[in-house]
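The residues making up each chain are set out below.
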Amino acid sequence: MSLEMKRLDKNNFCIGFLLVHLLLGHAQSAQLKTNCFTEQCGAELMGQVNDVYWESATAYRQFSDDVLSPEILMREKLRPFYETLKKFDWKSFQDPLLKRQFEVVLRGDIYPPLNYEFKKATNTLKSMAKQKFVCNRKKPHRLQSGQCTDFAFIHQIKSKIANSDDLEEIKWYWAEWRSRMPAQIKDALHYYIHYYQNMSTPEMSASAIWYDQYEDPNFLDELEELMDAIQPFYKEMHAHLKHALRQRYGDEVIPSTGLIPHHLMEQAMYQSWKKQSVLRNPFPQRKLPNVQHELDDLEWFPFDLVNISCSFFGSMGFNNLTEDFMRDNFIEMEPAEGGPDCKSRIFTYAEIELNYCPKVYYKKLLQTHGDITHIQYAILKNNLSVGLNQEAAPGFGNAMGEAVILSASTPKHLQERLGLLTTYDYDDILNLNRLYRMAVHTVLSIPTYFVHEKLWIDMIDNKVAPENYNCHYWNLMAKYMGVGPSTETKEGSYDMPYKFYEGIVDQFRSTRKLFGEFLGYQIYRSVCLKIGEFQRGNAYKILHNCDFANHRQAGQMFKEIMSAASTKPWRQIIRNVTIKNAEKLTATAFLEYYEPLHSWIAEDNVEKSLPVGWRSVDKCNPSTAAVNENTTEVY
């Protein structure tokens with residue numbers, strides 16, 4: 001067991017729970033002591049629930065819990081009210097907002113009370129990528145001992161996959177990390193599976209509970225439709241990647257099935273923004289500008305990125321954040337606090353706090369725009385009472401942040417608003433290179449999150465036996481991604497990457513990523529159409545160069561979405577940002593954004609006579625050579 005895991009002992013857990021019980025005790029004493037269950041009494045009780053929520057939020061901003069999400073902690077604070085709330089005939093209330101409050105708050109009732117085992121399992125899954133349990137390959141004596149604390153995936157192994165050209169080394173670390181995975185990680189995964197299965201009933205499946213905040217027990221079907229929609233584009237990218245890998249490493253790196261070994265797919269994704277990426281730009285003679293060089297010349301400070309992001313919203317008509325608010329609520333992190341990616345920490349549950357990255361680079365400029373989107377969302381939704389002040393669905397804030405980042409990253413915004421890259425002419429060729437780098441980062445990774453989501457749902461719904469978890473994972477990877485195992489791992493190993501384990505923890509759910517990504521493009525496209533910055537067929541008004549800055553109409557659209565919070569289902573909220581007022585996610589905006597690149601890659605694959613597609617075998621039944629039904633590749 002790692003030192004980090006040893007620190008999570010019962011004493012520490014009890015200290016953390018002391019605050020919980022203090023607040024729960026207050027909640028119990030605050031309950032309405034009456035047999036009155038009229039609508040007016042319901043409103044009075046909800047007022048008391050709101051008071052407890054705010055007091056809890058204030059406490060948690062001061063005594064943050066780094067393991068459990070604020071959603072879970074808040075749900076636990078309101079637990080003493082659930083039994084009383086359920087006695088009301090709230091579905092018959094006349095006030096639609098009060099009815100909605102009851103509906104949203106009572107979602108927490110299906111979850112069991114927090115316990116030490118849940119927190120321990122959550123911590124294990126969240127921290128597993130930082131646990132050191134792999135030997136340094138260059139120290140054979142450590143290998144023989146079997147007691148290795150040299151390398152974790154984050155920092156060491158991920159860096160080797162991203163930067164090494166020694167494929168045997170990459171493959172070795174890929175297999176060792178999986179074969180040496182400590183038993184408590186698998187135990188934590190099984191605990192989470194049973195946690196959701198134990199909540200299920202004949203009327204409500206485990207996956208329906210997983211999707212309760214999306215208000216659709218069959219939400220996975222909608223996500224699968226999105227995968228089907230982007231599959232033609234993904235297949236062209238897949239064929240393009242195989243060609244690039246063969247050029248760099250030789251024909252033998254890709255098996256005859258056309259499946260890409262997993263460590264090579266990981267390398268391509270980790271290198272998405274690196275200069276020496278295996279995937280070179282379509283037109284390498286036209287180098288993309290180096291924004292970082294210009295940022296360095298400007299000598300900006302970290303808080304300048306916050307100010308710039310805030311001014312983006314000010315230009316759209318949002319109220320400017322006061323100096324007092326920013327001083328009290330925005331805190332610069334210590335240099336080592338945010339991890340290797342220097343991720344900000346945001347608390348937006350009634351109280352607001354942004355802990356921002358103390359570094360200045362291009363990626364953080366964009367991410368800070370996303371962070372301030374969450375802050376603006378919190379300011380507007382926190383005007384509402386408990387329940388109604390939640391985000392419309394997990395990932396809804398991410399979606400708006402994605403739309404804002406798409407706007408802030410455009411050449412138009414960087415050049416005209418920020419005064420960067422003014423000497424560059426973004427013609428069709430340079431724009432293709434830019435779209436290509438974005439697609440490597442986005443199009444290749446989205447199916448990964450879906451595979452993780454699909455595997456998880458099949459696990460908790462008991463659609464796959466535990467002994468088949470690993471082979472089922474590889475069947476899904478082959479079906480949706482055209483990716484196969486890099487090599488055989490130790491018997492009984494689970495081959496899923498660390499993001500799968502993170503993706504079942506509340507804060508990092510794969511569902512959030514998928515939902516936010518596609519809805520973000522939908523919002524972006526809708527706003528661009530509304531303000532006239534995107535016009536189909538107009539070469540001067542292209543979608544991937546649309547900027548919202550200085551458009552009050554764009555700001556009004558964002559305000560309406562943000563102010564709605566959870567007052568109504570998310571599908572109703574997005575009606576005004578979807579094609580033909582649809583109430584579902586679609587891939588239309590996503591595909592339209594990347595259409596120039598899709599067309600170019602498809603034509604380039606034809607010119608190079610590259611086969612598109614792959615063949616796969618049922619890993620759970622190897623004797624059956626099942627050809628993938630979507631295969632178009634012929635060998």
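Provided above is the structure to which this section pertains.
Source: prediction; values computed, not measured.

Draft legend 1. Quick look at the state of the cysteines. The full count for this structure, using the stated rule, is five disulfides. Between the sulfur of cysteine 36 and that of cysteine 41 lies a disulfide, 1.8 Å long from S to S. Residues cysteine 36 and cysteine 41 are joined through a disulfide that is right-handed, its torsion about the S-S bond being 90°. According to the relative accessible area criterion, cysteine 36 is partly exposed, its value standing at 21%. Take cysteine 41: its relative accessible area is 10%, and that puts it in the buried class. Disulfide pairing places cysteine 342 opposite cysteine 357 at an S-S distance of 2.0 Å. Residues cysteine 342 and cysteine 357 share a disulfide whose torsion about the S-S bond is about 105°; that sign makes it right-handed. Of this pair, cysteine 342 sits in the loop between strand S2 (330–332) and strand S3 (345–347) while cysteine 357 sits in the loop between strand S4 (353–356) and helix H18 (362–381), placing them 15 residues apart in sequence. Residue cysteine 342 shares its accessibility class with cysteine 357, and that shared class is buried.

Draft legend 2. H18, seen in detail. Over its 20 residues, H18 runs 29 Å from end to end, which matches the ideal 28 Å to within 8%, given 1.5 Å per residue. Most of H18 is tucked away, with 14 of its 20 residues classed as buried.

Draft legend 3. Quick peek at empty space enclosed by the protein. Using the criterion set out here, one finds two cavities of 30 Å³ or more in the structure. Looking at the largest cavity, its volume works out to about 110 Å³. Lining of the largest cavity is provided by 13 residues; of these, Ile72, Arg75, Tyr111, Tyr196 and Asp506 occupy positions nearest its centre. Here the lining of the largest cavity gets three residues from one element, more than from any other, and that element is helix H11 (residues 183–199). When the residues that make up the lining of the largest cavity are grouped by side-chain class, the tally is nine nonpolar, one polar and three charged. Size it by volume and the second largest cavity reaches roughly 30 Å³. Around the second largest cavity, the lining residues are Pro302, Leu305, Val306, Tyr356, Cys357, Lys359, Lys364 and Thr368. Contributing elements (two or more residues each) for the lining of the second largest cavity: helix H16 (302–315) and H18.

Draft legend 4. Summary view of the nonpolar core. Core analysis: the largest hydrophobic core is formed by 181 residues, its most contacted members being Tyr196, Phe396, Trp456, Phe548 and Phe558. No other element matches the 13 residues that helix H13 (residues 219–249) contributes to this core. Not counting chain neighbours up to four residues away, the residues in contact with phenylalanine 548 comprise Phe312, Met316, Ala403, Val404, Ser407, Tyr524, Val527, Cys528, Ile531, Ala554 and Phe558. Counting residues in each nonpolar core, the second largest holds 12 residues, with Val291, Val360, Leu414 and Leu421 among its members.

Draft legend 5. Region of interest: the packing of helix H3 (residues 39–62) against helix H6 (residues 96–105). Put simply, H3 and H6 touch, their axes get as near as 11 Å, and they point 55° apart. As judged from the angle between their axes, H3 and H6 are oblique. For the pair H3 and H6, the sense of crossing is left-handed. Listed contacts from H6 to Glu39, Gly42, Ala43 and Met46 of H3 are Leu98, Gln101, Phe102 and Val105.

Thresholds applied
Residues numbered from 1 in each chain as written. Predicted model: local features only at pLDDT ≥ 70, side-chain atom pairs only at ≥ 80, totals over all residues. Heavy atoms only, no water. Disulfide = S-S within 2.5 Å. Buried < 20%, exposed > 50% of the residue type's maximum accessible area, 1.4 Å probe, protein only. Helix = DSSP H or I, 4+ residues; strand = E, 2+ residues; numbered from the N terminus. Expected span 1.5 Å × (residues − 1). 1 Å grid on protein atoms, 1.4 Å probe; cavity = no way out; pocket = protein on both sides within 12 Å on 5 of 7 lines; lining within 4 Å. Points joined across faces, edges and corners; volume = space filled by probe spheres on them. Nonpolar A, V, L, I, M, F, W, Y, C, P; charged D, E, K, R; others polar. Core = buried A, V, L, I, M, F, W, Y, C linked by side-chain atoms within 4.5 Å. Contact = heavy atoms within 4.5 Å. Axes fitted to C-alpha atoms, helices over the stretch in contact; angles between N-to-C directions. Parallel < 35°, antiparallel > 145°, perpendicular 65-115°, else oblique. Left-handed = near helix turned anticlockwise from the far one by under 90°.

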